[in-house]
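Single-letter residue listing:
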Amino acid sequence: MTFSEFKDQVARELDLRLDSYKLNRVERRVYSLMRRHQVEDLSECLQRIRGDKDFKEAFVKHFTINTSEFFRNPTSFKFLETRVLPLLFQENEKVNIWSAACSNGSEPYSVAMLINEMGISRDRYQIVATDIDRFILEAAHQAVYNDQALLRVEPALREKYFTPVADDRYQLDARIKRQVRFVYQDLLKEEFSSNWNLIICRNFFIYLTREGKDTLTRRFAESLAYRGILFLGNTEFIFEPGAFNLKKIEGSFYQKLS
Ligand SMILES: C[S@@+](CC[C@H](N)C(=O)[O-])C[C@H]1O[C@@H](n2cnc3c(N)ncnc32)[C@H](O)[C@@H]1O
(Lines give C-alpha, C1' and ligand atoms only; values in the text may rest on other atoms or scores of the structure.)
Protein backbone atom coordinates (compact mmCIF):
# COMPACT_ATOMS: atom_id res chain seq x y z
CA MET A 1 0.00 0.00 0.00
CA THR A 2 1.43 3.43 -0.91
CA PHE A 3 1.37 6.21 1.64
CA SER A 4 -1.05 8.14 -0.53
CA GLU A 5 -3.54 5.21 -0.55
CA PHE A 6 -3.13 4.81 3.19
CA LYS A 7 -3.78 8.52 3.74
CA ASP A 8 -6.97 8.44 1.65
CA GLN A 9 -8.33 5.44 3.53
CA VAL A 10 -7.47 6.90 6.94
CA ALA A 11 -9.10 10.16 5.93
CA ARG A 12 -12.32 8.26 5.13
CA GLU A 13 -12.09 6.12 8.24
CA LEU A 14 -11.55 9.05 10.61
CA ASP A 15 -13.49 11.56 8.55
CA LEU A 16 -10.50 13.93 8.44
CA ARG A 17 -9.54 16.29 5.60
CA LEU A 18 -5.96 15.04 5.46
CA ASP A 19 -5.31 16.60 2.04
CA SER A 20 -5.10 20.06 3.57
CA TYR A 21 -2.19 19.05 5.81
CA LYS A 22 1.39 18.99 4.53
CA LEU A 23 1.87 15.41 3.34
CA ASN A 24 5.48 14.96 4.48
CA ARG A 25 4.53 16.00 7.99
CA VAL A 26 1.57 13.60 8.09
CA GLU A 27 3.91 10.86 6.86
CA ARG A 28 6.55 11.57 9.53
CA ARG A 29 3.93 11.51 12.28
CA VAL A 30 2.42 8.23 11.05
CA TYR A 31 5.77 6.43 10.86
CA SER A 32 6.87 7.65 14.28
CA LEU A 33 3.61 6.39 15.79
CA MET A 34 4.02 3.05 14.02
CA ARG A 35 7.53 2.67 15.44
CA ARG A 36 6.28 3.49 18.91
CA HIS A 37 3.53 0.86 18.70
CA GLN A 38 5.63 -1.70 16.81
CA VAL A 39 3.32 -1.63 13.82
CA GLU A 40 5.00 -3.33 10.86
CA ASP A 41 3.49 -1.61 7.85
CA LEU A 42 0.75 0.71 6.62
CA SER A 43 -1.82 -2.09 6.11
CA GLU A 44 -1.40 -3.19 9.72
CA CYS A 45 -1.66 0.43 10.82
CA LEU A 46 -4.94 0.82 8.95
CA GLN A 47 -6.27 -2.43 10.44
CA ARG A 48 -5.37 -1.25 13.94
CA ILE A 49 -7.10 2.10 13.33
CA ARG A 50 -10.21 0.18 12.24
CA GLY A 51 -10.22 -2.50 14.93
CA ASP A 52 -8.40 -1.19 17.98
CA LYS A 53 -10.13 1.70 19.76
CA ASP A 54 -7.08 2.57 21.90
CA PHE A 55 -4.79 2.64 18.89
CA LYS A 56 -7.28 4.78 16.99
CA GLU A 57 -7.29 7.26 19.88
CA ALA A 58 -3.50 7.21 20.04
CA PHE A 59 -3.36 7.88 16.29
CA VAL A 60 -5.63 10.94 16.50
CA LYS A 61 -3.79 12.21 19.58
CA HIS A 62 -0.37 11.79 17.98
CA PHE A 63 -1.51 13.48 14.81
CA THR A 64 -2.80 16.63 16.51
CA ILE A 65 0.18 18.40 18.04
CA ASN A 66 -1.03 20.16 21.14
CA THR A 67 1.97 22.24 22.16
CA SER A 68 0.78 25.48 23.72
CA GLU A 69 1.49 27.85 26.59
CA PHE A 70 0.10 31.01 28.17
CA PHE A 71 1.14 34.23 26.38
CA ARG A 72 3.05 32.33 23.71
CA ASN A 73 5.17 35.03 22.00
CA PRO A 74 4.84 37.74 24.66
CA THR A 75 5.52 40.63 22.25
CA SER A 76 2.48 39.70 20.20
CA PHE A 77 0.35 39.38 23.33
CA LYS A 78 1.61 42.83 24.41
CA PHE A 79 0.39 44.25 21.10
CA LEU A 80 -2.91 42.47 21.63
CA GLU A 81 -3.19 43.92 25.13
CA THR A 82 -2.11 47.50 24.40
CA ARG A 83 -3.44 48.07 20.88
CA VAL A 84 -5.87 45.46 19.61
CA LEU A 85 -8.15 44.83 22.60
CA PRO A 86 -8.53 48.56 23.50
CA LEU A 87 -9.40 49.32 19.86
CA LEU A 88 -11.97 46.52 19.67
CA PHE A 89 -13.68 47.57 22.91
CA GLN A 90 -13.65 51.20 21.79
CA GLU A 91 -15.30 50.38 18.45
CA ASN A 92 -17.76 47.69 19.54
CA GLU A 93 -20.36 47.48 22.26
CA LYS A 94 -19.89 43.69 22.32
CA VAL A 95 -16.67 41.96 21.26
CA ASN A 96 -16.83 38.40 19.90
CA ILE A 97 -13.57 36.47 20.23
CA TRP A 98 -12.79 33.06 18.75
CA SER A 99 -9.66 31.06 19.54
CA ALA A 100 -9.53 28.47 16.73
CA ALA A 101 -7.32 25.37 17.30
CA CYS A 102 -7.06 26.41 20.94
CA SER A 103 -5.31 23.29 22.26
CA ASN A 104 -5.18 23.11 26.09
CA GLY A 105 -6.87 26.50 26.54
CA SER A 106 -3.82 28.51 27.57
CA GLU A 107 -4.31 30.80 24.56
CA PRO A 108 -7.98 31.79 25.13
CA TYR A 109 -7.43 31.93 28.90
CA SER A 110 -4.50 34.35 28.33
CA VAL A 111 -6.91 36.63 26.47
CA ALA A 112 -9.54 36.23 29.20
CA MET A 113 -6.98 37.32 31.83
CA LEU A 114 -6.03 40.39 29.82
CA ILE A 115 -9.65 41.45 29.43
CA ASN A 116 -10.33 40.83 33.10
CA GLU A 117 -7.35 43.03 33.95
CA MET A 118 -8.79 45.77 31.71
CA GLY A 119 -11.88 45.77 33.95
CA ILE A 120 -14.26 45.19 31.03
CA SER A 121 -17.71 44.10 32.15
CA ARG A 122 -18.60 40.47 31.49
CA ASP A 123 -21.57 41.24 29.25
CA ARG A 124 -19.37 43.09 26.75
CA TYR A 125 -17.59 40.06 25.29
CA GLN A 126 -17.68 36.36 24.62
CA ILE A 127 -14.72 34.04 24.12
CA VAL A 128 -15.30 30.79 22.24
CA ALA A 129 -12.44 28.31 21.85
CA THR A 130 -12.47 25.35 19.47
CA ASP A 131 -10.29 22.34 18.67
CA ILE A 132 -10.55 19.00 16.89
CA ASP A 133 -9.03 17.02 19.77
CA ARG A 134 -11.61 16.03 22.37
CA PHE A 135 -8.96 15.02 24.91
CA ILE A 136 -7.26 18.37 24.81
CA LEU A 137 -10.64 20.12 25.08
CA GLU A 138 -11.30 18.16 28.25
CA ALA A 139 -7.88 19.23 29.61
CA ALA A 140 -8.67 22.83 28.66
CA HIS A 141 -11.90 22.57 30.58
CA GLN A 142 -10.06 21.24 33.66
CA ALA A 143 -7.53 24.10 33.37
CA VAL A 144 -4.73 22.56 35.42
CA TYR A 145 -1.28 23.43 34.05
CA ASN A 146 2.36 22.61 34.70
CA ASP A 147 5.16 25.09 35.28
CA GLN A 148 6.23 24.99 31.66
CA ALA A 149 2.86 26.30 30.42
CA LEU A 150 3.05 29.19 32.89
CA LEU A 151 6.60 30.31 32.11
CA ARG A 152 5.51 33.53 30.41
CA VAL A 153 2.79 34.52 32.82
CA GLU A 154 3.80 37.68 34.66
CA PRO A 155 4.34 37.06 38.40
CA ALA A 156 1.44 39.29 39.45
CA LEU A 157 -1.01 37.45 37.17
CA ARG A 158 0.36 34.11 38.25
CA GLU A 159 -0.15 35.03 41.87
CA LYS A 160 -3.65 36.32 41.23
CA TYR A 161 -5.07 33.66 38.93
CA PHE A 162 -3.33 30.34 39.74
CA THR A 163 -3.37 28.10 42.81
CA PRO A 164 -0.78 25.33 43.26
CA VAL A 165 -2.48 21.95 43.49
CA ALA A 166 0.24 19.25 43.36
CA ASP A 167 3.63 18.42 41.82
CA ASP A 168 4.26 21.68 40.05
CA ARG A 169 0.68 21.84 38.81
CA TYR A 170 -1.54 24.89 39.03
CA GLN A 171 -5.31 25.35 38.87
CA LEU A 172 -6.61 28.35 36.98
CA ASP A 173 -9.03 30.59 38.84
CA ALA A 174 -12.73 29.84 38.27
CA ARG A 175 -13.44 33.48 37.27
CA ILE A 176 -11.19 33.09 34.23
CA LYS A 177 -12.38 29.57 33.47
CA ARG A 178 -15.96 30.79 33.26
CA GLN A 179 -15.04 33.33 30.59
CA VAL A 180 -14.20 30.75 27.93
CA ARG A 181 -16.60 28.33 26.23
CA PHE A 182 -14.94 25.27 24.65
CA VAL A 183 -16.49 23.60 21.61
CA TYR A 184 -15.38 20.70 19.39
CA GLN A 185 -14.80 21.81 15.79
CA ASP A 186 -12.86 20.63 12.74
CA LEU A 187 -11.62 23.80 11.03
CA LEU A 188 -11.14 22.02 7.73
CA LYS A 189 -14.64 20.65 7.52
CA GLU A 190 -17.27 22.51 9.46
CA GLU A 191 -19.12 25.76 8.79
CA PHE A 192 -17.94 28.90 10.61
CA SER A 193 -20.25 31.34 12.25
CA SER A 194 -19.70 35.01 11.44
CA ASN A 195 -19.36 38.42 13.03
CA TRP A 196 -16.15 37.71 14.93
CA ASN A 197 -14.24 40.81 16.03
CA LEU A 198 -11.11 38.83 16.85
CA ILE A 199 -10.13 35.44 15.45
CA ILE A 200 -7.00 33.93 16.97
CA CYS A 201 -5.60 31.02 15.01
CA ARG A 202 -2.00 30.48 16.00
CA ASN A 203 0.41 27.71 15.09
CA PHE A 204 -2.07 25.80 12.98
CA PHE A 205 -1.38 27.24 9.51
CA ILE A 206 2.14 25.79 9.76
CA TYR A 207 0.70 22.30 9.32
CA LEU A 208 -1.26 23.13 6.18
CA THR A 209 -0.49 23.09 2.47
CA ARG A 210 -0.47 26.43 0.61
CA GLU A 211 -3.95 25.66 -0.70
CA GLY A 212 -5.21 24.65 2.74
CA LYS A 213 -3.88 27.92 4.21
CA ASP A 214 -5.47 30.03 1.48
CA THR A 215 -8.85 28.36 1.92
CA LEU A 216 -8.74 28.85 5.67
CA THR A 217 -7.60 32.47 5.37
CA ARG A 218 -10.52 33.20 3.02
CA ARG A 219 -13.00 31.53 5.38
CA PHE A 220 -11.63 33.40 8.41
CA ALA A 221 -11.74 36.70 6.51
CA GLU A 222 -15.38 36.07 5.58
CA SER A 223 -16.22 35.26 9.20
CA LEU A 224 -14.72 38.46 10.58
CA ALA A 225 -16.89 41.47 11.29
CA TYR A 226 -15.95 44.75 9.55
CA ARG A 227 -12.56 45.92 10.96
CA GLY A 228 -12.23 42.59 12.79
CA ILE A 229 -8.73 41.27 13.50
CA LEU A 230 -7.10 37.95 12.59
CA PHE A 231 -4.20 37.05 14.90
CA LEU A 232 -1.86 34.32 13.57
CA GLY A 233 1.24 32.62 15.00
CA ASN A 234 4.56 34.44 14.90
CA THR A 235 5.93 32.42 11.99
CA GLU A 236 2.69 32.53 10.02
CA PHE A 237 2.10 35.21 7.41
CA ILE A 238 -0.40 35.99 4.70
CA PHE A 239 1.60 36.90 1.60
CA GLU A 240 -1.11 38.82 -0.23
CA PRO A 241 -3.52 40.02 2.47
CA GLY A 242 -5.34 42.30 0.01
CA ALA A 243 -6.49 39.25 -1.95
CA PHE A 244 -8.46 38.20 1.15
CA ASN A 245 -9.85 41.65 1.93
CA LEU A 246 -7.33 41.98 4.78
CA LYS A 247 -4.51 44.40 5.58
CA LYS A 248 -1.51 43.73 7.75
CA ILE A 249 -1.40 45.96 10.82
CA GLU A 250 1.60 44.50 12.66
CA GLY A 251 3.55 41.20 12.80
CA SER A 252 0.93 38.54 12.35
CA PHE A 253 -2.12 40.75 12.99
CA TYR A 254 -4.43 41.42 10.02
CA GLN A 255 -7.53 43.57 9.84
CA LYS A 256 -10.59 43.11 7.66
CA LEU A 257 -10.82 45.97 5.19
CA SER A 258 -14.51 46.20 4.28
C1 LIG B 1 0.21 23.53 18.00
S2 LIG B 1 -1.42 23.58 18.58
C3 LIG B 1 -1.69 25.34 18.64
C4 LIG B 1 -2.28 25.77 19.95
C5 LIG B 1 -2.41 27.26 20.19
N6 LIG B 1 -3.20 27.88 19.16
C7 LIG B 1 -1.06 27.92 20.30
O8 LIG B 1 -0.61 28.56 19.35
O9 LIG B 1 -0.43 27.79 21.34
C10 LIG B 1 -2.37 23.07 17.16
C11 LIG B 1 -3.79 22.63 17.51
O12 LIG B 1 -4.51 22.43 16.28
C13 LIG B 1 -5.47 21.42 16.52
N14 LIG B 1 -5.97 20.92 15.22
C15 LIG B 1 -5.34 20.12 14.33
N16 LIG B 1 -6.14 19.91 13.26
C17 LIG B 1 -7.30 20.62 13.49
C18 LIG B 1 -8.49 20.81 12.75
N19 LIG B 1 -8.67 20.25 11.54
N20 LIG B 1 -9.46 21.59 13.28
C21 LIG B 1 -9.30 22.18 14.50
N22 LIG B 1 -8.18 22.04 15.24
C23 LIG B 1 -7.19 21.27 14.75
C24 LIG B 1 -4.71 20.39 17.34
O25 LIG B 1 -5.59 19.53 18.03
C26 LIG B 1 -3.87 21.31 18.26
O27 LIG B 1 -4.52 21.51 19.50
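Residues numbered from 1 in each chain as written. Predicted model: local features only at pLDDT ≥ 70, side-chain atom pairs only at ≥ 80, totals over all residues. Heavy atoms only, no water.

Caption draft 1: A look at helix α5 (residues 74-91). Over its 18 residues, α5 extends 25 Å from the first C-alpha to the last, a length consistent with the 26 Å expected when each residue adds 1.5 Å. Maximum bend of α5: about 40°, positioned at L80. Where α5 is concerned, the buried positions are S76, F77, F79, L80, V84, L85, L88 and F89. (Helix = DSSP H or I, 4+ residues; strand = E, 2+ residues; numbered from the N terminus. Expected span 1.5 Å × (residues − 1). Bend = angle between axes of the 7 residues up to and from the residue. Buried < 20%, exposed > 50% of the residue type's maximum accessible area, 1.4 Å probe, protein only.)

Caption draft 2: Focus on the packing of aromatic side chains. Counted by the stated rule, this structure contains 17 aromatic pairs. An angle of 85° between the planes, with centres 6.4 Å apart, marks the rings of Y21 and F204 as edge-to-face. Linking Y21 in the loop between α1 (3-14) and α2 (23-36) with F204 in the loop between β7 (196-201) and α10 (210-223), this pair joins segments that are 183 residues apart in sequence. Exposure class is identical for Y21 and F204. Each is buried. Over the aromatic face of Y125 sits the side chain of R122, whose NZ or CZ is 4.8 Å from the ring centroid. Sitting over the ring of Y184, R134 keeps its end group 3.8 Å from the ring centre. (Phe/Tyr/Trp six-rings, centres within 6.5 Å; stacked < 30°, edge-to-face > 60°. Lys NZ or Arg CZ within 6 Å of the ring centre and 35° of its normal.)

Caption draft 3: Main features of the environment of I238. Here I238 lies in the loop between β8 (224-232) and β9 (246-250). Among residues more than four places away in sequence, those in contact with I238 are T217, L230, L232, F244, L246 and Y254. (Contact = heavy atoms within 4.5 Å.)

Caption draft 4: Region of interest: the domain arrangement of the protein. As far as domains go, the protein holds domain 1 (3-63) and domain 2 (74-256). When each unit is reduced to the centre of its C-alpha atoms, the spacing between domain 1 and domain 2 is 29 Å. Listed as interface residues are 10 residues of domain 1 and, on the opposing side, 12 residues of domain 2. Summed over the three residues of domain 1 that lose the most area to domain 2, namely S20, Y21 and K22, the buried surface amounts to 44% of that side. The tally of links between domain 1 and domain 2 comes to 1 salt bridge. Here D15 and K189 are joined by a salt bridge, their closest N and O atoms 2.9 Å apart. The tally of links between domain 1 and domain 2 comes to 4 residue pairs in polar contact (both at pLDDT 80 or more). Its residues placed into classes, the side of domain 1 that touches domain 2 shows 2 nonpolar, 1 polar and 7 charged. (Domains from an automatic or database assignment. Buried area = accessible area lost by both parts, 1.4 Å probe. Salt bridge = Lys/Arg side-chain N within 4 Å of Asp/Glu carboxyl O. Polar contact = N/O pair within 3.5 Å; in protein donor to acceptor, adjacent residues only side chain to side chain. Nonpolar A, V, L, I, M, F, W, Y, C, P; charged D, E, K, R; others polar.)

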